[in-house]
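Chain by chain, the residues run as shown.
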Amino acid sequence: MKKSVFLGTLAAAGLTAGLAAASTLDDVKARGELNCGVNTGLVGFAAPDANGNWSGFDVAICKAVAAAVLGDASKVKYVPTSGQTRFTALASGEVDVLARNSTWTFSRDTDLKLDFVGVNYYDGQGFMVRKDLGVSSAKELEGATICIQTGTTTELNLADFFKSNNMNYQPIAIDSNAEGEQQYLAGACDAYTTDASGLAATRAAFADPENHIILPEIISKEPLGPAVRHGDNQWGDIVRWTLNALIAAEEYGVTSANLEELSKGTTNPEINRLLGTEGDLGAMTGLDKDWAKRAIAVSGNYGEIFAATIGESTPIGLARGLNGQWTQGGLLYSPPFR
Amino acid sequence: MTSMTGVPKQGFRLSQLIYDTRYRSLTIQVVVFMLFMLGAAWLVDNTIRNLQALGKDFNFGFLTYRSGYDIGQTLIPYTNDSSHARAALIGLLNTLLISSLGCIAATVIGVFVGVLRLSKNWLVARLMTVYVEVFRNVPVLLWILIILAIFTEVMPAPNAYRVTDQMLAEGVQPAATMVLFDTIAPTNRYTAIPSIGFSRSLGGFDTSFMPISFNFLAMVAALGLGIFFNRRVLATAKAVQEATGDRPVTWWKSILLLVGPLLAVMIALGFHLNLPALKGFNFAGGLNVTNAFVVLWLALSLYTGAFIAEIVRAGVLAISNGQTEAAFALGLRPGRTMNLVILPQALRVIIPPLISQFLNLTKNSSLAIAVGYMDLRGTLGGITLNQTGRELECILLMMLIYLAISLVISGVMNVYNNSVKLKER
Ligand SMILES: N[C@@H](CCC(=O)N[C@@H](CS)C(=O)NCC(=O)O)C(=O)O
């Protein structure tokens, strides 16, 4: 009995030992499926519908990468991760990409051995309160009880903000957005704080969104982006340039509507290189010519994804703001495809 | 006739290691030990190599870094400028607090219910059975969540206690009012209770662990003095009883001795209660006992109490009925029979499984994360682990600490067990 248990653990440990052996690209191709770490459910960013089909702004990244690498956007296994489990899930190889509202910070990039491949949403931390609380600024939150998700940059920013403003607060640590929503609605906390985009998405799911306001203060910089494990540069390049392809596609006016037509060849060499009609950029990173075309074909370019999942015509209603193209006064700027 | 001295002498054959009962058990032990060591070595090697592959090192230096996060309930001073080690200590103290209070409450509930379950009163016995079965058969995590849901949904929010000038003018009552002579305010976040304060302070000194006030030390000293003299009184009473057979009345002396000095010191220091009052978003002035704590404490004690009740019942049933009959024959009333004859004997059956229950409760307290109570799992194994990315170090340290707590509990309980177990003379 003792021995069989022992042999069992040995075998189980043996399975995990193969961890860093092969490259992520080879692993994903061999598996025929991309493991993508997403959040546990934040409407607009990543949430499953009644049939278990995931959709959202972060999910679109997973799909685009799967389409580029495997040629099929449906070959994705979505792994819901909490604020506490996400980086361990990535480091241990449970997921290949983490697209989960994760802020690119120095220590995560270096000490935690992650690589953030870019920014898909420029965000900042905000506060949400009930309207009838009569609060109009975060500076009026002296002595308030505040719900925060643990394992996030949010809890560190919150501590800094209250300290630098010489105010006190009572933190209530919660484990997931769903729990935070429930505690906040039950009145167990006066304010809920997280990324402003997350607040907007959370509020959109309320029965009475009009009774809640998001305070004007944005207390931090939260560049959210997809992350991969440090060390596998080829895989990092693939995810980075898939994101860039979506952004560049918007800049050059490549949409899901004109994609087929443009990929027959255009007078713009940049578009031709992006869509693989000129040169062979894909081969440089271990993919084929059409990788970017497939990635864009899934749900359109960055702008189309934004509009369909979190944009102003959705209940979440986020404006492009900082997340506009650099040509429109935003911060999105894809390096050239050359 | 030749004598049978020449028992055929055979050399040692390897097969004897397996087939000869003299060697077999040794062989098995050696083989298992070697396999075990091999496995351990392989695990360590695997860990080291994978850490290397990830480019991570194994290093506890992060414990000295600034933690940067705030904790809701801190028994000793802590700010977000304190170190991760300090945060872990805060968590540890919270774990110890919830476990010790939980063990006490669970024992009280368990003994009470266990004895009542044997009651001749049909209704009482059945009610206790229902309690035991309901709590024993539903996972404790569910109890924690259910009780939390009740607390957050049923209790009023702090601002339900608010009385505005307008309400006064219109004669409107607030949605909620404080209970117990306006001293306690249960809310959906915490229960605000009065805290003790002193108008005169003897000063104090600061240790790196926690500041200690001389007021507190004076009170402890007064209490200690009271206990010391009370013991003397009881010893004298016992001596008198042994000598004359009559026990002098001591209860009023005991009360006087135990409470008197403490009360005198407290009055001298200007003892008073600070009543909680709604200030801004929350109650201030008193002490806010968080719901996370109360919920966890209730759930753990009720759950473990059900198991302890069964242990107590088993212990009582293990004492032969002859003991009860003998006690009755001596003229002891049922209550005294239970207290003086049955329970002391039952204890030796009860203590060993009770230790396991205490250990279970302590380990189950790590479910605190479900209600956001910042215990060791929440600080060291939660936020610190996550913010520093030191999974291996944090988990190892946490395992070691839980192991140490468990060993201490079972050590202490074993000492107690030795003192109550049947002494064979
Ligand atoms: N950007 C912050 C916070 C990320 C975070 O936890 N976001 C929340 C709300 S915006 C979330 O995604 N929750 C979904 C979930 O609980 O799974 C970080 O990276 O630490």
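Every value quoted in this text rests on a predicted model; they were computed, and no experiment measured them.

Reading the values: the criteria
- Residues numbered from 1 in each chain as written.
- Chains lettered and ligands numbered in written order.
- Predicted model: local features only at pLDDT ≥ 70, side-chain atom pairs only at ≥ 80, totals over all residues.
- Heavy atoms only, no water.
- Helix = DSSP H or I, 4+ residues; strand = E, 2+ residues; numbered from the N terminus.
- Rg over C-alpha atoms; globule rule 2.2 N^0.38 Å.
- Buried < 20%, exposed > 50% of the residue type's maximum accessible area, 1.4 Å probe, protein only.
- Right-handed = clockwise from strand over helix to strand, strands pointing away.
- Pairing = 2+ DSSP bridges.
- Axes fitted to C-alpha atoms, helices over the stretch in contact; angles between N-to-C directions.
- Contact = heavy atoms within 4.5 Å.
- Disulfide = S-S within 2.5 Å.
- Buried area = accessible area lost by both parts, 1.4 Å probe.
- Salt bridge = Lys/Arg side-chain N within 4 Å of Asp/Glu carboxyl O.

A.B. asks: What is the right way to look at the overall build of chain A in this model?
C.D. replies: Scanning chain A from N- to C-terminus turns up 13 helices and 14 strands. Against the globule reference of 20 Å for 338 residues, chain A gives a C-alpha radius of gyration of 21 Å, in line with a compact fold. Taken along the three principal axes of its C-alpha coordinates, chain A extends 65 × 60 × 40 Å. Expressed as a percentage of the 338 residues in chain A, the buried residues total 55%.

A.B. asks: Explanation requested: the pairing of strand 10 (residues 169-174) of chain A in the structure shown.
C.D. replies: The element strand 10 of chain A is largely enclosed, with a buried count of 5 among its 6 residues. With helix 6 (residues 153-164) of chain A bridging strand 9 (residues 144-149) of chain A and the parallel strand 10 of chain A, this β-α-β connection has right-handed handedness.

A.B. asks: I would appreciate a short explanation of the sheet that holds strand 12 (residues 212-214) of chain A in the present structure.
C.D. replies: Within a beta sheet, neighbouring strands are joined by backbone hydrogen bonds and run either parallel or antiparallel to one another. All names here are of chain A. The sheet built from 5 strands is open, its strands ordered 10-9-11-8-12 with mixed pairing. Each edge of the open sheet is held by one strand with a lone partner, namely strand 10 and strand 12. The mean inter-strand angle of the sheet, taken between neighbouring strand axes irrespective of direction, is 30°. Where strand 9 lies against strand 11 (residues 191-195), 2 bridges are found, and the strand directions are parallel. Within the sheet, the bridge partner assigned to Cys147 lies in strand 11 and is Tyr192. With respect to the sheet, helix 8 (residues 196-204) is in contact with strand 8 (125-130), strand 11 and strand 12, its orientation differing from that of strand 11 by roughly 125°.

A.B. asks: Can you walk me through the state of the cysteines in this structure?
C.D. replies: In a disulfide, the sulfur atoms of two cysteines are held together by a covalent bond. All names here are of chain A. Counted by the stated rule, this structure contains 2 disulfides over all chains. One disulfide in the model links Cys36 with Cys62; its S-S distance is 2.0 Å. Between Cys36 and Cys62, the S-S dihedral sits near -70°, and the bridge is therefore left-handed. Residue Cys36 is located in strand 1 (residues 34-39), and its partner Cys62 is located in helix 3 (residues 57-70); the two are separated by 26 residues in the primary sequence. The burial state of Cys36 is the same as that of Cys62; both residues are buried.

A.B. asks: When you look at the interface of chain B and chain A in this model, what are you seeing that I'm missing?
C.D. replies: Quite often, the size of an interface is put as the accessible area lost when its parts meet. Each partner contributes to the interface: chain B provides 45 residues, whereas chain A provides 46 residues. With both sides pooled, the region where chain B packs onto chain A buries about 3400 Å², and carbon together with sulfur makes up 53% of that total. The interface formed by chain B and chain A includes 4 salt bridges. Only helix 2 (21-54), helix 5 (140-154) and helix 12 (376-388) of chain B provide two or more residues apiece to the side of chain B that touches chain A. Tallying contributions element by element places helix 2 of chain B first for the side of chain B that touches chain A, with 10 residues.

A.B. asks: Just checking my understanding: could you explain the pattern of salt bridges for this structure?
C.D. replies: Where charged atoms from two side chains of opposite charge come close, those side chains can pair. Going through the model one piece at a time under the given rule, you end up with 19 salt bridges over all chains. One salt bridge connects A:Glu260 with A:Lys293, and the closest N-O pair in it is separated by 3.7 Å. A residue pair is termed long-range when its members are at least 10 positions apart, and A:Glu260 in helix 10 (residues 259-262) and A:Lys293 in helix 12 (residues 291-299) qualify at 33 residues. Relative accessible area serves as the criterion here: at 19%, A:Lys293 is assigned to the buried category. Here B:Glu393 and B:Arg390 are joined by a salt bridge, their closest N and O atoms 3.3 Å apart.

A.B. asks: Mind showing me how you'd approach the environment of A:Gly83 here?
C.D. replies: Looking at where A:Gly83 falls in the secondary structure, it is placed in the loop between strand 4 (76-81) and helix 4 (86-91). Since its relative accessible area comes to 0%, A:Gly83 is described here as buried. Remark: the alpha-carbon pair of A:Gly83 and A:Gly118, spanning 35 residues in sequence, is separated by 19 Å. In this view, A:Gly83 contacts A:Arg100, A:Gln149, A:Thr150, A:Gly151 and B:Asn386; residues no more than four positions away in its chain are not counted.

A.B. asks: Looking at this model, I keep getting lost on the sheet that holds strand 1 (residues 185-186) of chain B. Mind explaining?
C.D. replies: All names here are of chain B. Pairing is antiparallel across the open sheet formed by 3 strands, whose spatial order is 1-2-9. Across the chains shown, the open sheet's two edge strands, defined by having one partner strand only, are strand 1 and strand 9 (287-290). With 4 bridges joining them, strand 2 (residues 190-193) and strand 9 adopt antiparallel strand pairing. Note that in strand 9 the partner of Thr191 across the bridge is Val289. The strands touched by helix 9 (residues 291-317) are strand 2 and strand 9; relative to strand 9, the strand with the most contacts, the crossing angle is about 50°.

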